[in-house]
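# Observations on chain architecture
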Amino acid sequence: MDAILSYLNNMFVNLPDTPEVRRAREELQQMMEDKYQELRQAGKTDNEAVGQVIAEFGNLEELGEELGISSQVSDAHDPQKLIAMSEGEVQTYLSATALSARKISFGVALCILSAVPLILIKGLQDRLGLADNLASAIGLGALLLMVAIGVYNFIVYGAATERYDALERSLVSITPGLRTRLLKEREVEHGKNARRIALGVVLILAGVALVAILGALELAEVYLILSVGLLLACVALAVSQFIQVGMRWEAFDKLLNTGDYTAERRRGNSQLERFSGPYWMLALVVYLGWSFYTGNWGFTWIVWPIAGVLYGLIGAILGAAQRDNRS
Amino acid sequence: MISSDSIRGYTDIMILYLLLDAPSYGYEISRRIREQSKEKYVMKETTLYSSFTRMEQNGFIESFYGTETAGKRRTYYRITPVGRAYYSEKLQEWQLTKEVVDQFIRSDFKE
């Protein structure tokens, strides 16, 4: 019986994963299994039955025309074209998204951390013996530089994956062999990704707890300032983990036509990925606008932990809403 | 042994014949073709499936899911009115083919 399945697997391994091909495979497998069962009941040995089933199977080339034609027919009816991707293209796509995930999350981290030099230098200017104006200038300069690098990353590496925009709406066709490998790879990464998300949540909570405890202890202001810097560093690290895990997961979903990228869901839905860019830009605008308007840099950094937690919340709500819509 | 070339034009007729009275599924059709032909012809699985998809696209048969006693979900095929018309067309074609080919058969032929 296993011999029949592996024979069928080998026959189909290089065919694209389309509904027509899947259906052909299922039907052929069903017929072969039925025939095998009957031969066994008629007293044939396993070897004899397998041999006869395979000998009488025929030739897949006979189906090539039907499968090819039928997929073209369904393409004509369906605006959602299939995009066939080779193994090389899949690898290139995965490394391109991994690179842009690293760069974008680094950009977000820089924006979140942009207030840290300013807060530290303003808090410590008396101890360091710096003039008020000079301290402000250094802090603001560092802030603007970090924000500029962050925005540069958003724009450049956001555009780097633009040539894969077609994957937003079109289903991807890869060979069943490659699909099996990708599923396995994703399974292996799943545990690691869950740990990264958990680590991020713990980091934010620990940072908030630290600020709260030090605030309650009424220690010298310098400790409070340091703890705020530490909190922002925790938030930056956590958010960059969220972004990288999310983008990696979405890349797999796109390749495998799973999650938010099944045939039905690909037809126009709001995705976290498209929401992320504008979201962090908005957070940045709110932060800079508020800070420059009030000049209260020692307090406005609160935008970042709130934005980080909200990002996680909104992502979870969006995901849950999408699941509800379809079930 | 029948060459697959000579019988290719008539796989549809064999399948439709078996569907005239009741719907059926892949392996049952395959088994009944073997029995009906007195074990002289076994239709390959790929030939059978290729004929299913072609005839379904042409509207001669329809597929639907049915459950057998064993609880397995199977694809069943039923003949449509268009399929019956096609079957009757193929019968006439076969009569003609037989008449024509018969004219070239020398029944007392010895090598």
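These numbers come from a predicted model, not from an experiment.

This paragraph deals with the overall build of chain A. The secondary structure content of chain A amounts to 12 helices and two strands. Its helices and strands in sequence order give chain A the pattern α-α-α-α-β-α-α-α-β-α-α-α-α-α, from N to C terminus. Here chain A holds 327 residues, and the buried ones make up 41% of them. Contacts in chain A between residues far apart in sequence, at least 24 positions, make up 76% of those at least 6 positions apart. Just so you have it, chain A exposes about 16,800 Å², and 63% of that area is on carbon and sulfur atoms.

On to the packing of aromatic side chains. Taken as a whole, this structure holds 13 aromatic pairs over all chains when the rule is applied. One aromatic cluster is present, formed by Tyr279(A), Trp280(A), Tyr287(A), Trp304(A) and Tyr311(A) through successive ring pairs. In this structure, Arg78(B) is placed above the aromatic ring of Phe64(B), and the distance from its NZ or CZ to the ring centre is 4.2 Å. The aromatic ring of Tyr10(B) is capped on one face by Lys90(B), whose charged end is 5.2 Å from the ring centroid.

Quick look at the interface of chain B and chain A now. Contact with chain B, which involves 25 residues of that partner, is made by 22 residues of chain A. When the two sides are added together, the surface that chain B and chain A hide from each other amounts to roughly 2,100 Å², 49% of it contributed by carbon and sulfur. Between chain B and chain A we count five salt bridges in total. Glu38(A) is paired through a salt bridge with Arg34(B); the nearest N and O atoms lie 3.8 Å apart. In this assembly, chain B and chain A are joined by 13 residue pairs in polar contact (both at pLDDT 80 or more).

Further remarks concern the nonpolar core. The biggest cluster of nonpolar side chains holds 39 residues, and the ones touching the most others in it are Ile112(A), Leu232(A), Trp280(A), Tyr287(A) and Trp304(A). Breaking this core down by element, the ones donating at least two residues are α5 (87–113), α6 (115–128), α7 (132–160), α8 (176–217), α9 (221–256), α10 (272–294) and α12 (303–326) of chain A. By residue number, the principal contributor to this core is α9(A), which donates 11 residues. The residues touching Ile112(A), leaving out its near neighbours within four places in the chain, are Leu232(A), Val235(A), Ala236(A), Val239(A), Trp280(A) and Trp304(A). One finds Leu8(A), Met32(A), Ile29(B) and Tyr87(B) within the second-largest nonpolar core, a separate group that totals 38 residues.

Turning next to the packing of α8(A) against α9(A). All names here are of chain A. Close contact between α8 and α9 brings their axes to 8 Å; oriented N to C, the two are set at 160°. Taken as axis vectors, α8 and α9 run roughly antiparallel relative to one another. Between α8 and α9 lies a crossing whose hand is left-handed. Its residues assigned to classes, the contact of α8 with α9 comprises 25 nonpolar, eight polar and seven charged.

An α-helical segment advances 3.6 residues per turn. Residues three or four places apart therefore align on the same side. Residue and element names in this part refer to chain B. With 22 residues, helix α5 (residues 81–102) should reach 32 Å at 1.5 Å per residue; the first-to-last C-alpha distance of 31 Å fits that figure. Within the span of α5, buried status applies to Gly83, Tyr86, Tyr87 and Lys90. Projected down its long axis, α5 carries its buried residues within an arc of 100°, all on one side. Residues of α5 that are exposed and point over 90 degrees away from its buried face: Pro81, Glu89, Gln92 and Leu96. In this structure, the buried residues of α5 make contact with α2 (11–19) and β3 (73–79).

Another point: the sheet that holds β3(B). What the three strands build is an open sheet, ordered β1-β3-β2 (chain B); its pairing is antiparallel. A single partner strand is all that each edge strand has here, and the edge strands are β1 (24–25) and β2 (61–67) of chain B. Where helix α2 (residues 19–41) of chain A meets the sheet, it contacts β1, β2 and β3 of chain B, and its direction lies at approximately 100° from that of β3(B).

In this section: the pattern of salt bridges. The tally for this structure, following the rule as stated, stands at 17 salt bridges over all chains. Between Glu185(A) and Arg248(A) there is a salt bridge, with its nearest N and O atoms 3.8 Å apart. On the criterion of sequence distance, the pair formed by Glu185(A) in helix α8 and Arg248(A) in helix α9 is long-range, its members being 63 residues apart. We classify Glu185(A) as partly exposed; its relative accessible area is 31%. Note on Arg248(A): relative accessible area 21%, which makes it partly exposed. For Lys90(B), the salt bridge goes to Glu93(B), with nearest N and O atoms at 3.7 Å. With a gap of three residues between them, Lys90(B) and Glu93(B) both fall in helix α5, about one helical turn apart. For Glu93(B), a relative accessible area of 38% gives the class partly exposed. Linked through salt bridges whose partners overlap, the residues forming this network are Glu38(A), Arg31(B), Arg34(B), Glu35(B) and Glu39(B).

How each quantity is defined
- Residues numbered from 1 in each chain as written.
- Chains lettered and ligands numbered in written order.
- Predicted model: local features only at pLDDT ≥ 70, side-chain atom pairs only at ≥ 80, totals over all residues.
- Heavy atoms only, no water.
- Helix = DSSP H or I, 4+ residues; strand = E, 2+ residues; numbered from the N terminus.
- Buried < 20%, exposed > 50% of the residue type's maximum accessible area, 1.4 Å probe, protein only.
- Contact = heavy atoms within 4.5 Å.
- Areas by Shrake-Rupley, 256 points an atom, 1.4 Å probe, with all protein chains shown as cover.
- Phe/Tyr/Trp six-rings, centres within 6.5 Å; stacked < 30°, edge-to-face > 60°.
- Lys NZ or Arg CZ within 6 Å of the ring centre and 35° of its normal.
- Buried area = accessible area lost by both parts, 1.4 Å probe.
- Salt bridge = Lys/Arg side-chain N within 4 Å of Asp/Glu carboxyl O.
- Polar contact = N/O pair within 3.5 Å; in protein donor to acceptor, adjacent residues only side chain to side chain.
- Core = buried A, V, L, I, M, F, W, Y, C linked by side-chain atoms within 4.5 Å.
- Axes fitted to C-alpha atoms, helices over the stretch in contact; angles between N-to-C directions.
- Parallel < 35°, antiparallel > 145°, perpendicular 65-115°, else oblique.
- Left-handed = near helix turned anticlockwise from the far one by under 90°.
- Nonpolar A, V, L, I, M, F, W, Y, C, P; charged D, E, K, R; others polar.
- Expected span 1.5 Å × (residues − 1).
- Arc of directions from axis to C-beta.
- Pairing = 2+ DSSP bridges.

Taken by themselves, the reported measurements are silent on function.
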